[in-house]
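Examination of the molecular architecture
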Amino acid sequence: MNKIRALVLLLACFPGFLFAQFNIRLEDAYTREMPPSATTAAVYLTIRNVGSHGVSLESISTSVAESAMIHQSTMQDGMMRMEHIPELYIGSIQDIRL
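Quick notes on the rules
- Within each chain, residue numbers correspond to sequence positions counted from 1 in written order.
- Side-chain atom pairs in this predicted model are given and counted only at pLDDT of 80 or more, local residue features only at pLDDT of at least 70, and totals for whole chains, interfaces and linings cover all residues.
- The basis for every side-chain value is the complete set of heavy atoms in the structure, and neither hydrogens nor water enter the calculation.
- Strands are runs of DSSP state E lasting at least two residues, helices are runs of H or I lasting at least four, and both sets are numbered from the N terminus onward.
- Burial classes follow relative accessibility: with a 1.4 Å probe on protein chains only, a residue under 20% of its type's maximum area counts as buried, one over 50% as exposed, and anything between as partly exposed.
- Contact between two residues is taken to exist if any of their heavy atoms lie within 4.5 Å; hydrogens are not considered.
- Using a 1.4 Å probe, accessible areas were evaluated by the Shrake-Rupley method; residue-level cover was limited to the displayed protein chains.
- Put simply, a nonpolar core is a bunch of buried Ala, Val, Leu, Ile, Met, Phe, Trp, Tyr and Cys residues held in one set by side-chain atoms that sit within 4.5 Å of each other.

**Remarks on the overall build of the chain**
Looking only at helices and strands, the chain features two helices and seven strands. Ordered by position from the N terminus, the helices and strands of the chain form the series α-α-β-β-β-β-β-β-β. Counting the 98 residues in the chain, one finds 18% classified as buried. Taking all contacts inside the chain whose residues are at least 6 apart in sequence as the whole, residues at least 24 apart take part in 49%. Accessible surface for the chain amounts to roughly 7,400 Å². Of this, 55% is attributable to carbon and sulfur atoms.

**Let's talk about the nonpolar core**
Within the largest apolar cluster, nine residues are counted, these being Ile-24, Leu-26, Ala-29, Leu-45, Ile-47, Ile-70, Leu-88, Ile-90 and Ile-96. Mapped onto this core, the elements with two or more residues apiece are β1 (24-31), β2 (43-49) and β6 (88-90). Looking at this core element by element, the count peaks at three residues for β1.

Written out as structure tokens, the structure reads:
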């Protein structure tokens, strides 16, 4: 099992433990199998705010990769582009699918 899958499994199994104080849940986390030579990977998941106040996700990190970022995909001039998002706001009782 690669390190990214281990991280996704950990997040999927223990979301309440990791973010209970903020009323944030991480759900349905997965990654696609990457070839051994791949230097990047993507993790897809749903971030659910079940609290009565909005929260801002200002940074992310992981011990299994050199860096981690949240990106937004947009279509520009007929090409898909990914842009780094420096902050992600999650309103109260809102789901964000990444």
